[in-house]
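Listed here are the chains, written in short residue letters.
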Amino acid sequence: MPKVVVAPQQFHLVDYDPAVITAVAEKLAGEIGLTADVTLQVDESTPFGRGTIESLDPPVVKIEGGAFENPKRPKALSEHSVVETLGRVLHQLKDRLDPAFGAPPVGEAVDQMHQTAWDAYAMGRTARLGYEISRPRRQYHFRNRHGFTDVADAAFDRLWQGTGLTWADVEAACAETAASPAGAVPLA
């Protein structure tokens, strides 16, 4: 099982327990099949909720503090939020570590359309691990970038249910939705 190091080891602005974050992250990383140790840098000073891969060698993931927050109890940790955030980011970390997946390099911009498609693939895999992931919420996010069409729904289903997909499959889904009538919604 990979080791996960959470930084900081003591939070001052939020009521987060690093031991809980570590336990959830290590369990999830093991289930995902990561073999490399991971450092999670949590920025407790921001209420925003983004999680990004900062480095592959060594693997470093940066998490904005709001990503782990309980939406009903400000500044309190939510294990469900930890799973949702890390399920997405750790699956994408595994994808990036696999040359056969063919992901863009860390630091290269991924547009919203492609990111939302990749998120659907990652979250579908997290749901199949037995975690409670809101499929309707993820499908709504997907529709916002790919259109509210049958073509978009079919692409979402393929990504959500997919196994062994590659970046080329993500790109193909995006091309398909962009080409459909009332297709993808560009970011303004």
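Residues numbered from 1 in each chain as written. Predicted model: local features only at pLDDT ≥ 70, side-chain atom pairs only at ≥ 80, totals over all residues. Heavy atoms only, no water.

Undergrad: Describe helix H4 (residues 135-146), naming the residues involved and giving the relevant values.
TA: For H4, which comprises 12 residues, the first-to-last C-alpha distance of 16 Å matches the rise-based estimate of 16 Å (1.5 Å per residue) to within 8%. Among all positions in H4, only Arg138, Gln139, Phe142 and His146 are buried. Viewed along the axis of H4, the buried residues span an arc of 100°, placing them on a single side of the element. Along its buried surface, H4 packs onto helix H2 (79-97), helix H3 (112-128), helix H5 (150-161) and helix H6 (167-179). The distance from a side-chain oxygen at the start of H4 to the backbone nitrogen of arginine 137 is 3.2 Å, and the residue carrying that oxygen is serine 134. (Helix = DSSP H or I, 4+ residues; strand = E, 2+ residues; numbered from the N terminus. Expected span 1.5 Å × (residues − 1). Buried < 20%, exposed > 50% of the residue type's maximum accessible area, 1.4 Å probe, protein only. Arc of directions from axis to C-beta. Contact = heavy atoms within 4.5 Å. Polar contact = N/O pair within 3.5 Å; in protein donor to acceptor, adjacent residues only side chain to side chain.)

Undergrad: An account of the sheet that holds strand S1 (residues 4-7) is requested, with residue identities and associated values reported.
TA: Whether parallel or antiparallel, the strands of a sheet pair through hydrogen bonds between backbone atoms. On the basis of which strands lie adjacent, the open sheet formed by 4 strands has the order S1-S2-S4-S3 and mixed pairing. The open sheet is flanked by S1 and strand S3 (51-56), the only strands paired with a single partner. Neighbouring strand axes in the sheet, compared pairwise and without regard to direction, differ in orientation by 20° on average. Pairing analysis gives 4 bridges linking S1 to strand S2 (residues 38-43), with the strands arranged parallel. Across the sheet, the residue bridging to valine 4 is valine 38, located in S2. Lying over the sheet, H2 contacts S2, S3 and strand S4 (59-64), oriented at roughly 30° with respect to S3. (Pairing = 2+ DSSP bridges. Axes fitted to C-alpha atoms, helices over the stretch in contact; angles between N-to-C directions.)

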